Amino acid sequence: MQSQDPEITIFHNPSCGTSRNTLALIRNTGAEPHVVEYLKTPPSRDTLIGLIKAMGITPRELLRQKGTPYGELGLDDPKWTDEQLIELMLEHPILINRPIVVTPLGTRLCRPSELVLDILPSPQRGAFTKEDGEAVIDAQGQRVRRDA
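Residues numbered from 1 in each chain as written. Predicted model: local features only at pLDDT ≥ 70, side-chain atom pairs only at ≥ 80, totals over all residues. Heavy atoms only, no water.

K.L.:
Tell me about unusual backbone geometry, and name the residues and values.
P.N.:
For the bond running from Arg98 to Pro99, omega is 0°, close enough to zero to count as cis. Its location among the elements puts Pro99 in the loop between helix H4 (82–91) and strand E3 (100–103). Omega for the bond connecting Arg111 with Pro112 falls within 30 degrees of zero, at 5°, which places this linkage in the cis form. Its location among the elements puts Pro112 in the loop between strand E4 (106–109) and strand E5 (128–129). (Helix = DSSP H or I, 4+ residues; strand = E, 2+ residues; numbered from the N terminus.)

Here it is as structure tokens:
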């Protein structure tokens, strides 16, 4: 059985395939992360600002457009300040893109899910295939490389 790893947190949406794949890649290391279903338990203002800073992105870069009120709110308009965008994400957590993973090695928006591999402190323990059938990790726990 995996034990909870307090050093790894995932801001997760269980209905999102990318988020499910990312969580599975974390678990493939033997770690059980702290899972925050951010639609049920939205981050505080300070947490959201801290995540944005830690990822080195702007609030606009964290906005999710698909399946959100992004269009209805007119968020493509550059008039919105960072502070206003943060307020809107707190008011409508579905606007926060996911999954966000925090580990001792960094904080990252893991789109695509394989980006989590760069910040996981432990290696993969075995083969991993994403829900869509794409092989990501081979039987030896090594990343499957794609030729460009």
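K.L.:
Let's hear about the environment of Leu95: which residues, and what values?
P.N.:
Tracing the backbone through its elements, the reader meets Leu95 in the loop between H4 and E3. On the accessibility criterion, Leu95 (0% relative accessible area) is buried. Residues Leu95 and Leu39, 56 residues apart in the sequence, show an inter-C-alpha distance of 9.7 Å. Apart from the residues within four sequence positions on either side, Leu95 is in contact with Leu62, Leu63, Arg64, Thr68, Pro69, Tyr70, Leu73, Leu75, Leu88 and Met89. (Buried < 20%, exposed > 50% of the residue type's maximum accessible area, 1.4 Å probe, protein only. Contact = heavy atoms within 4.5 Å.)

K.L.:
Tell me about the nonpolar core, and please be specific about residues and values.
P.N.:
Formed by 20 residues in total, the largest nonpolar core has its most connected members in Leu62, Leu75, Met89 and Ile100. Among the elements of the structure, helix H2 (45–55) and H4 are those that each provide at least two residues to this core. Residue contacts for Met89: discarding those within four places in its chain leaves Leu48, Ile52, Pro59, Leu62, Leu63, Leu95 and Ile96. (Core = buried A, V, L, I, M, F, W, Y, C linked by side-chain atoms within 4.5 Å.)

K.L.:
Can you break down the packing of aromatic side chains residue by residue, with the values?
P.N.:
For the structure shown, the criterion picks out zero aromatic pairs. Geometry around Trp80 places Lys79 over its ring, the cationic atom sitting 4.9 Å from the centre. (Phe/Tyr/Trp six-rings, centres within 6.5 Å; stacked < 30°, edge-to-face > 60°. Lys NZ or Arg CZ within 6 Å of the ring centre and 35° of its normal.)

K.L.:
Could you give me a rundown of the state of the cysteines, with the residues and numbers involved?
P.N.:
Tallied over the entire structure, the rule returns zero disulfides. Among the cysteines around Cys16, which has no disulfide bond, Cys110 carries the closest sulfur, lying 11 Å off. (Disulfide = S-S within 2.5 Å.)

K.L.:
Talk me through the pattern of salt bridges; I want residue IDs and the actual numbers.
P.N.:
In this structure the tally under the stated criterion is eight salt bridges. Note that Arg27 and Glu32 form a salt bridge whose closest N and O atoms lie 2.8 Å from each other. Among the residues examined, Arg27 registers a relative accessible area of 33% and is labelled partly exposed. Here Glu32 falls in the buried class, since its relative accessible area comes to 16%. With its nearest N and O atoms 1.5 Å apart, the salt bridge here joins Arg45 to Glu87. Highlighted residues: Arg45 in helix H2 and Glu87 in helix H4, separated in sequence by 42 residues. Judged by its relative accessible area of 29%, Arg45 is partly exposed. Here Glu87 falls in the partly exposed class, since its relative accessible area comes to 35%. By sharing partners, the salt bridges in this structure join Arg45, Glu83 and Glu87 into a single network. (Salt bridge = Lys/Arg side-chain N within 4 Å of Asp/Glu carboxyl O.)

K.L.:
Quick rundown of the side chain of Thr103? Include the residues and the values.
P.N.:
Position of Thr103 among the secondary structure elements: in strand E3. A distance of 3.0 Å separates a polar atom in the side chain of Thr103 from the backbone nitrogen of Leu105. In this structure the side chain of Thr103 is engaged in a polar contact, spanning 2.4 Å, whose partner is the backbone oxygen of Ile119. (Polar contact = N/O pair within 3.5 Å; in protein donor to acceptor, adjacent residues only side chain to side chain.)

K.L.:
Tell me about H4, residues and numbers included.
P.N.:
Along H4, the positions that sit buried rather than exposed are Leu85, Ile86, Leu88 and Met89. The buried residues of H4 occupy one face: seen down the axis, they fall within an arc of 160°. Summarising the contacts, the buried residues of H4 are in contact with H2 and helix H3 (59–62). (Arc of directions from axis to C-beta.)

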